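Report on the structure
Listed below, chain by chain, are the residues.
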Amino acid sequence: MLRQICMLRLPHACTRASLPRQRWRVSYGLAFVIGLSSAVLAAFSLSRSQHSFSDMLRQGFTESVGCSVPRRGWNNSMAPRLQASVIAALREPVVLINSPCDTWRARFTWRPLAGKGGDYLSRRVINPLRDVVAQRGSRSFRYSAGGTPLSDTFAALDDVTVELSLAKLLIKATRSPVDNEEYLYYSRSVVGGEFAPVASDLEPHDFLFVDRAQAGNSTNVWLGGQGVITETHYDMSHNFYLQLDGTKRFVLSPPASYRQLKLHPWIHPHSIFTRQGVEDAHLPSSFDVDLAAGELLYIPPYWFHRVIAPRGHASISVNIWSESQEGELAGLTDVPPPSGLFDTKSERTRRALLEHVIRALLRAVLRLRDRGAQDAFLRAALVDGRLRPHFALLRCTDDLLHESCEATGSDDEHVLLDEKAVANAHATHVARVFAALAQQDIAVHEIVMLNMIESLATDVLGDGSATDGSRGLGSCAFFRCMVLMF
């Protein structure tokens, strides 16, 4: 297994600001590789159509210095599922060429934009296509999650959908945007969706399900018109993305970029989307990837990505999501507080106890022992990064903010010793769950922890919905309590 991992090891991500250091590492790395070349070369059996190991390695270093996502030929000497699992284990983006997906029937029959297969698909899929998202005047798409505490408050963000036959959608998608009445985008699971009759065209694909849990695995089709953009967001799953027809550009950013990109609150319907785009944040750690037909892109969990169908090209793609350990961590956001801990308490005591639980979690999971470090993290990442920007959107007035929630004071004044013991035990249990998972990206832990804190706070302080019929009153009170707490 170790030998096969070495065969696929990708260059570490670099930033434009760290090029001198990367060049030093390249020189050091080449010297190390030369010293071990006789042993390593014996372990490689690349196909004749690909670069030799030496050329491939040199190319990889060049790409690392150039701050781009590497492109790799599929290694036919390795079992497909094992190779996909190794790629996923590295948690680094890579473009894969000549993968087993090249044998899909869909590679030749799902290319209506190239003048091939339009009739084939139109005759076989279930028409009309439901839930085609339509937007007037904006080519930027963000998908809303229903059922969040702020879903009603931001109901205007809900997707507007229409029904269209595939033939009509393809006609509209291939027109220049100036001729379109609206921008259109279709995304749906193949299983149980309108593309189910042609699902066999995507075989084999189960080798890309890299996680043992089958419940969260899905295969999805994406069809977008010219110039359509899916704005910057993250997914919690492993994502293998195959371009079938047309092209797409991805702007990828590592999980730590959340500090600059400013996520929406977890209770917001756009919680996985950022408020600030990569182009606005000027991130030196971002990568542009142009994906052509037949190329397979791996996007690790919690990597931010902005997806663009260039003007002049509509696009058809298929992606495979499978569960990840990061997704298991995300499940902690739904874990309720310890049973009975917040029952029959005054509001002031509940808020003080909530603060103690939050600080216990920060100590146990993120190793933020000092109260000042905890406050700095919460103010930057939660209060200023997520909550304050929504004051204006919710039309929260200064008077309402001041009256909605009083400061808690020191938690030692309001929390009993046995209550603290229960809170600390809960935090210790959560920390063990984090530690038990192999993926230890601290930025992912921080994002999940912030989501947990918001979810816990909604359980204790209320769900953030309006309480008297006026727009956003309950949400303002919730945000104010969170701000005053830290």
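See above for the structure.
The paragraphs below set out a description of the structure included in this document. (Residues numbered from 1 in each chain as written. Predicted model: local features only at pLDDT ≥ 70, side-chain atom pairs only at ≥ 80, totals over all residues. Heavy atoms only, no water.)

Comments concerning the overall build of the protein
Helix and strand counts for the protein come out as 18 helices and 14 strands. Within the span of the protein, comprising 486 residues, buried residues form 54% of the whole. Residue pairs at least 24 apart in sequence account for 83% of intrachain contacts in the protein once pairs closer than 6 positions are excluded. Of the roughly 21300 Å² of accessible surface on the protein, a fraction of 53% belongs to carbon and sulfur atoms. (Helix = DSSP H or I, 4+ residues; strand = E, 2+ residues; numbered from the N terminus. Buried < 20%, exposed > 50% of the residue type's maximum accessible area, 1.4 Å probe, protein only. Contact = heavy atoms within 4.5 Å. Areas by Shrake-Rupley, 256 points an atom, 1.4 Å probe, with all protein chains shown as cover.)

Some thoughts on the packing of aromatic side chains
All chains considered together, the criterion is met by 12 aromatic pairs. Three or more aromatic residues link up through ring pairs in this structure, and these residues are Phe141, Tyr143, Tyr185, Trp222 and Trp321. (Phe/Tyr/Trp six-rings, centres within 6.5 Å; stacked < 30°, edge-to-face > 60°.)

Quick word on the sheet that holds strand β3 (residues 129–135)
On the basis of which strands lie adjacent, the open sheet formed by 9 strands has the order β1-β2-β12-β9-β14-β7-β6-β3-β5 and mixed pairing. Each edge of the sheet is formed by a strand with only one pairing partner; in this case those strands are β1 (71–73) and β5 (161–164). Taken pair by pair, the neighbouring strands of this sheet meet at an average axis angle of 30°, ignoring direction. Bridge analysis of strand β9 (residues 238–246) against strand β12 (residues 296–299) gives 4 bridges, and the strand direction is antiparallel. Residue pairing in the sheet places leucine 242 in a bridge with leucine 296 of β12. Across the sheet, helix α5 (residues 80–90) lies against β2 (94–97), β9 and β12, angled at about 110° from β9, the strand it touches most. Most of the contacts of helix α8 (residues 166–174) go to strand β7 (residues 218–224), to which it runs at about 55°, and overall it touches β3, β5, β6 (183–189), β7 and β14 (315–322). (Pairing = 2+ DSSP bridges. Axes fitted to C-alpha atoms, helices over the stretch in contact; angles between N-to-C directions.)

Considering the sheet that holds strand β11 (residues 287–291)
The mixed open sheet is built from 5 strands, whose spatial order is β4-β8-β13-β10-β11. In the strand order of this sheet, the two ends are held by β4 (140–141) and β11, each with one partner. Strand direction decides the pairing type here: β4 and strand β8 (residues 229–233), joined by 2 bridges, are parallel. Opposite phenylalanine 141, over in β8, you have threonine 230 as the bridge partner.

A word on unusual backbone geometry
Cis geometry marks the peptide bond from asparagine 127 to proline 128, where omega comes out at 0°. Examined against the element boundaries, proline 128 turns out to sit in the loop between α7 (118–124) and β3. Notably, arginine 91 is not glycine yet its phi reads approximately 55°, a positive angle.

Some remarks on the nonpolar core
Ranked by size, the top nonpolar core spans 61 residues in total, and within it Tyr258, Leu362, Phe377, Phe434 and Met449 carry the most contacts. Contributing elements (two or more residues each) for this core: α9 (258–261), α11 (325–330), α12 (347–365), α13 (371–387), α16 (417–436), α17 (442–461) and α18 (473–485). The biggest single contributor to this core is α17, with 11 residues. Not counting the four nearest positions on each side in its chain, phenylalanine 377 is found in contact with Tyr258, Leu362, Leu366, Leu368, Leu382, Glu446 and Leu450. (Core = buried A, V, L, I, M, F, W, Y, C linked by side-chain atoms within 4.5 Å.)

Notes on α8
Taken residue by residue, α8 has Leu166, Leu169, Leu170 and Ala173 as its buried positions. What you see down the axis of α8 is that its buried residues fit within an arc of 100°, all on one side. (Arc of directions from axis to C-beta.)

Details of the pairing of strand β13 (residues 304–308)
In terms of residue burial, β13 counts as a mostly covered element, since 5 of its 5 residues are buried. The side-chain alternation of β13 yields two buried faces, one formed by Phe304, Arg306 and Ile308 and the other by His305 and Val307. One ladder, built from 3 bridges, connects β8 with β13; its direction is antiparallel. Paired with histidine 233 across the two strands is histidine 305, which belongs to β13. Here 5 bridges tie strand β10 (residues 248–253) to β13, and the two strands are oriented antiparallel to one another.

What to know about the environment of threonine 103
Within the fold, threonine 103 resides in the loop between β2 and α6 (106–109). According to the relative accessible area criterion, threonine 103 is exposed, its value standing at 56%. With 191 residues separating them along the chain, threonine 103 and glycine 294 place their C-alpha atoms 10.0 Å apart.

What to know about the environment of serine 315
Tracing the backbone through its elements, the reader meets serine 315 in strand β14. Considering only alpha carbons, one finds serine 315 and leucine 244, 71 residues apart in sequence, at a separation of 7.8 Å. Of note is the side chain of serine 315, whose polar atom sits 3.5 Å from the side chain of serine 317. (Polar contact = N/O pair within 3.5 Å; in protein donor to acceptor, adjacent residues only side chain to side chain.)

Observations concerning α17
Across its 20 residues, α17 extends 28 Å between first and last C-alpha, which sits within 8% of the 28 Å expected from 1.5 Å per residue. Judged by how many residues are buried, α17 sits mostly within the fold: 17 of 20 residues are covered. Remark: glycine 462 follows α17 within two positions and exhibits a positive phi of approximately 120°. (Expected span 1.5 Å × (residues − 1).)

Considerations on the packing of α12 against α16
Look at α12 against α16: their axes get within 8 Å of each other, and the N-to-C directions meet at 35°. In this structure, α12 meets α16 at a crossing whose hand is right-handed. The segment α12 lies against α16, with Leu353, His356, Val357, Ala360, Leu361, Arg363, Ala364 and Val365 engaging Glu419, Lys420, Ala423, Asn424, His426, Ala427, Thr428, Val430, Ala431 and Phe434. Partitioning the contact of α12 with α16 into residue classes produces 11 nonpolar, 4 polar and 3 charged. (Left-handed = near helix turned anticlockwise from the far one by under 90°. Nonpolar A, V, L, I, M, F, W, Y, C, P; charged D, E, K, R; others polar.)

Keep in mind that these numbers describe shape and distance, not what the molecule does.
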